[in-house]
10 protein chains.
Amino acid sequence: MPNPALLEAFPTPSDTTFVIEHIAEEFTSVCPKTGHPDFGVVTLRFAPRPARDGGVCVELKSLKLYLQSFRNEGIFYEAVTNRIRDDLARLMNPLWLLITTDWRGRGGIRSVIRAAHGEVPAEWRTR
Amino acid sequence: MPNPALLEAFPTPSDTTFVIEHIAEEFTSVCPKTGHPDFGVVTLRFAPRPARDGGVCVELKSLKLYLQSFRNEGIFYEAVTNRIRDDLARLMNPLWLLITTDWRGRGGIRSVIRAAHGEVPAEWRTR
Amino acid sequence: MPNPALLEAFPTPSDTTFVIEHIAEEFTSVCPKTGHPDFGVVTLRFAPRPARDGGVCVELKSLKLYLQSFRNEGIFYEAVTNRIRDDLARLMNPLWLLITTDWRGRGGIRSVIRAAHGEVPAEWRTR
Amino acid sequence: MPNPALLEAFPTPSDTTFVIEHIAEEFTSVCPKTGHPDFGVVTLRFAPRPARDGGVCVELKSLKLYLQSFRNEGIFYEAVTNRIRDDLARLMNPLWLLITTDWRGRGGIRSVIRAAHGEVPAEWRTR
Amino acid sequence: MPNPALLEAFPTPSDTTFVIEHIAEEFTSVCPKTGHPDFGVVTLRFAPRPARDGGVCVELKSLKLYLQSFRNEGIFYEAVTNRIRDDLARLMNPLWLLITTDWRGRGGIRSVIRAAHGEVPAEWRTR
Amino acid sequence: MPNPALLEAFPTPSDTTFVIEHIAEEFTSVCPKTGHPDFGVVTLRFAPRPARDGGVCVELKSLKLYLQSFRNEGIFYEAVTNRIRDDLARLMNPLWLLITTDWRGRGGIRSVIRAAHGEVPAEWRTR
Amino acid sequence: MPNPALLEAFPTPSDTTFVIEHIAEEFTSVCPKTGHPDFGVVTLRFAPRPARDGGVCVELKSLKLYLQSFRNEGIFYEAVTNRIRDDLARLMNPLWLLITTDWRGRGGIRSVIRAAHGEVPAEWRTR
Amino acid sequence: MPNPALLEAFPTPSDTTFVIEHIAEEFTSVCPKTGHPDFGVVTLRFAPRPARDGGVCVELKSLKLYLQSFRNEGIFYEAVTNRIRDDLARLMNPLWLLITTDWRGRGGIRSVIRAAHGEVPAEWRTR
Amino acid sequence: MPNPALLEAFPTPSDTTFVIEHIAEEFTSVCPKTGHPDFGVVTLRFAPRPARDGGVCVELKSLKLYLQSFRNEGIFYEAVTNRIRDDLARLMNPLWLLITTDWRGRGGIRSVIRAAHGEVPAEWRTR
Amino acid sequence: MPNPALLEAFPTPSDTTFVIEHIAEEFTSVCPKTGHPDFGVVTLRFAPRPARDGGVCVELKSLKLYLQSFRNEGIFYEAVTNRIRDDLARLMNPLWLLITTDWRGRGGIRSVIRAAHGEVPAEWRTR
């Protein structure tokens, strides 16, 4: 069962804004309609608040355990994406957060869902 | 025959805007001029209205059946693209909808057609 | 309905053995179990008999029409592959024929089937 | 000899703006300096005017024959690109037209030329 | 728990030897040491016995359910591969069977395991 | 018109066997049935006889002009391949020669033709 | 131990703004938590001040030695990125500096971190 | 020795703005520090002034000879890039010019340098 | 210092021959001549003896620690490869073992070294 | 001028046969006919004799200098390949040596030349 209590954070190491991207390539949950497993890639992109404002970053091992907690949950693509966005926004209160889920799909249709929180920082727009 | 009655929708799970992309890689219809089959990829990108405004998302299985209903229809590339845009805009009344059809082509010429509805949301522009 | 009567042949232009490969990337038939369309790539590789022995090659346009005749046929992967092998072996009586069908698959499983007739010629082994 | 009389158009099927891209991967002409053949890819991207304003689209088969009419013409890369832009702008009077020619090149230098007409529509900018 | 009782077979449609390849890209089991999930691709290649000798092929949907039955099983890479080889050899008694598992790995090391049964047929050697 | 008189050769620089591969990526001829241009890649692989036996190699610029002489010729894929094999075998009398033509194709079917002369040398088999 | 004293700079060769990108594909440091090595790619992008304003560029060999000085340091991804940004900003006082670190990751999660200094110049935005 | 006297120009064929890109994939010069050769790709992108304003384009063969004149010159990456930008800006006085050099690098670090002149035209920004 | 005492083995799970491939993508050692770090990919392929003959497989975590023990060792490519082959042959006494090291290289030259022990099993030859 | 006196060798570190591959991606010489530079990749593959038989390996830095000595030499593709094979065979007297040169080509034709010495060892055949 998706368990946000597994998530931990650590203080950001900088007083300047920067951008972090974590790409979890081994996500799996279960389709609530068919009972068959779904497989996808979950990407987090976020800008923590500066250190002086108490900014924090999600800790990697805790993120992995949190994402594994969806393994046997029956849940739709759209709900997974919004759920992860909400749990991480609550944990980090970041300047910006973008969750993208990219699913292998079924029956010849692949899907990509993205949900955001806050303003995109300049560092990201200027790739 | 293209049949929009096959399309079903479900309520969006969120009160925030987010973006959904469905990529149907196995589309086929028939060229009305030559009678030969056409093959292409149909991509939908849309932002549903928020839940509190009655926003809805197209249901995946119904989308698949709707796209299969073009299988033996004689119809041009441009008409397919505008037809799908119109049928889905009517179903979902979304904030934004972009239909892209990418055709394998004939005689050394490949084609890509795109037709839109509404305003592109910030989430999409900041990929 | 698969229609081998659509197939035509022309005399091979050479008295030496050579190898021909035709890759039809737009094959579609229907799954007899679910009624959903299947999509795949059909590859023919063959060595016609020499001209002095009455060797013939399948004509390309007729091959295209023959493959299109499977469009609305309910037929399994294995049967498609053996059927094409048999129809083309009967048409050309070649020294060698190898049919490979490569399917996009369903539910996370892709399939490739290959069925042969006759001896692989040296020209092919030494690619 | 490049022959714009070969070009035909048909009425756009929609009253909304949309974007069409045709990619002709088998273009060849002749270098007027060396007499050697040049090979390239010609891409058209355009937005027809709405149907109610008499908007038209170039017909695909006529486009193919028009592009083939350059086959034995001695003409430079830059002139090919501007010529196609002018001929198609005259035919369609589109809201926007962008011609890109991508040449295989000679002596270790590849070239890409692009010439435009009109304003880029929002549908294209938001890919 | 890996459950070979889920596997079903159907009679091969041909009296000639041919080769079938099924590529299951969404396999997951659990590492018995760490409890973390493992992800991999399982590929089956086999040649069924001819129809007149009672040859059978594994049915695709049953194969999918069988592979899903490893989802929460703690089992090593090597054991998964040998187990699938043994279960399918028992089901089909094929002329040839090759199981390849390709794992995403851990800590910078990826692994590929392959286990075979019977003789490789000529159709496969001459790809 | 295909003109083998354009071909020139130079003495091989070695008394040992070696292998030469020339890949001409810009071949074009005309389909005798439809009058439309065909585009393909022509690959020559050959082993010249040793210098002491009078071995020769085709000169590159002359090869280019020879291949350009097919530009406006109406000729089928199979005939192009056998013709080039025969013209080059006559010019060089090599230990081994393999001509492969790889065509962009028409109507969803691509073709590859290969025609050989002589025995494959050990240097090539052990790539 | 990360040693910024290893860094050297040379005067920029131009009075106009330009952009330099160095991609160091062989970076390694040590995870302070597990003691296991981390591997990544470090990319620097910067615009030196004009020559007349005393602008300088980091010297390549000194950059290499500086990056090697992290080899046996226990340090987190986020700290590596901010540290390199700070050390290079101090050395060059550039108009713009963007550090991107792209890590191979652990346990199925890859990470990319980016930290900037100053304003993105027009030359970079218009790639 | 880099020799701008080798460069020649021809009048632009159009009164509208357009964009030309030349990609020279076989550039080599010598590192002034180590004496070892450097290898890279030099890309020119420019918009000539309109014909009525006396706009000119660099001639391709002269560009090739000019780039070859760096072959045995000891010169740094940054200087090569600024030098080519200055020589071509002087030759063509274009509306816009962007020189990008992409170097294979040394000791695990690859470099890309870009130097510009004038304003980016709309045709390029809307690729 | 390379430490074979770190290596552990476990009994093979099968009485039939099978093949295991481990690909360690994050290997690093030090060049004894220049003191600069070397980076490469180390691939092990082996066939353990059957269980009834006491066959064993190298344990993955111990393999990782063993490969990490080369991190600060000054050692040439050829010696690394032969050393790993010898240490693993001694540990497992396998039917077959092939070590391949693929190095990123220096100064424009990449290297691949391979050293073997025992006979290649049929399972591997028929990939 | 190609200078084999630059080549140095060191004793092989093993009494077993093994295979070494060096890939020099930055080779350049000059076409003796046109005076234009040629660019290519030179690959050496060889098996040194065992240490007890006095086997030696070419030293990497000396190989680099030797290959650089072709930089301003006017020499044909075929002669480069045979020359390198002869110089290295004389230096190392290896069990096996295969030289492959892969040229970027001119006028739409790329070339690959390969010249060998001795018998291919089993380690290489079973890649």
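Scroll up to find the structure.
Presented here is an overview of the structure given in this document. These numbers were taken from a predicted model, which means no experiment stands behind them. (Residues numbered from 1 in each chain as written. Chains lettered and ligands numbered in written order. Predicted model: local features only at pLDDT ≥ 70, side-chain atom pairs only at ≥ 80, totals over all residues.)

## Focus on the overall build of chain A
In step 1: A tally of regular secondary structure across chain A gives three helices and six strands.
In step 2: For chain A, the sequential pattern of α-helices and β-strands runs β-β-β-β-α-α-β-β-α.
In step 3: Here the C-alpha atoms of chain A give a radius of gyration of 15 Å, agreeing with the 14 Å that 2.2 N^0.38 yields for 127 residues.
In step 4: For chain A, the spread of C-alpha atoms along the principal axes amounts to about 50 × 30 × 20 Å.
In step 5: The buried share among the 127 residues of chain A stands at 46%.
In step 6: For chain A, restricting intrachain contacts to residue pairs at least 6 apart in sequence, the fraction spanning at least 24 positions comes to 72%. (Helix = DSSP H or I, 4+ residues; strand = E, 2+ residues; numbered from the N terminus. Rg over C-alpha atoms; globule rule 2.2 N^0.38 Å. Buried ≥ 20, exposed ≤ 12 C-beta atoms within 10 Å, placed from the backbone. Contact = placed C-beta atoms within 7 Å.)

## A look at the interface of chain G and chain A
In step 1: With 17 residues of chain G at the contact, the number on the chain A side is 18 residues.
In step 2: Tallied by class, the residues present in the side of chain G that touches chain A amount to eight nonpolar, five polar and four charged.
In step 3: Sheet topology note: the strand β2 (residues 18-30) of chain A/strand β6 (residues 109-118) of chain G ladder contains seven bridges and is antiparallel. Residue pairing in the sheet places Glu21 of chain A in a bridge with Val112 of chain G of β6 of chain G. (Nonpolar A, V, L, I, M, F, W, Y, C, P; charged D, E, K, R; others polar. Pairing = 2+ DSSP bridges.)

## With respect to the interface of chain D and chain F
In step 1: Counting residues at the interface gives seven residues for chain D and seven residues for chain F.
In step 2: Contributions of two or more residues to the side of chain D that touches chain F are made by β2 (18-30) and β3 (37-47) of chain D.
In step 3: A class-by-class count of the residues in the side of chain D that touches chain F yields two nonpolar, two polar and three charged.

## Quick look at the relation of the copies chain D and chain F
The two chain copies are related to each other by a rotation about an axis together with a translation along it.
In step 1: Superposition record for chain D on chain F: RMSD 0.0 Å, screw rotation 180°, translation along axis 0.0 Å. Taken together, the rotation and translation describe the operation of a two-fold axis. (Least-squares fit on C-alpha atoms with pLDDT ≥ 70 in both.)

## Regarding the relation of the copies chain G and chain A
In step 1: Between chain G and chain A, the superposition needs a rotation of 72° and an axial shift of 0.0 Å, giving an RMSD of 0.0 Å. Both copies of the chain, as the preceding transformation shows, are related through a five-fold rotation axis.

## Considering the pairing of strand β3 (residues 37-47) of chain I
Residues and elements named next belong to chain I.
In step 1: Of all 11 residues in β3, eight are buried, a share of seventy percent or more.
In step 2: Relative to β3, strand β2 (residues 18-30) runs antiparallel, the two being bridged by nine bridges. Directly across from Glu21, in β3, lies its bridge partner Arg45.
In step 3: Connecting β2 to the antiparallel partner β3 that follows it, the hairpin turn spans six residues, and Gly35 within it adopts a positive phi of roughly 80°.
In step 4: One ladder, built from eight bridges, connects β3 with strand β5 (residues 96-106); its direction is antiparallel. Paired with Arg45 across the bridge in β5 is Leu98.

## Points about unusual backbone geometry
All names here are of chain B.
In step 1: Within the chain, Asn93 stands out as a residue other than glycine whose phi angle is a positive 45°.
In step 2: For Asn93, the position within the fold is in the loop between α2 (77-92) and β5 (96-106).
In step 3: Taking the C-beta count within 10 Å as the criterion, Asn93 has 17 such neighbours and is therefore assigned partly exposed.

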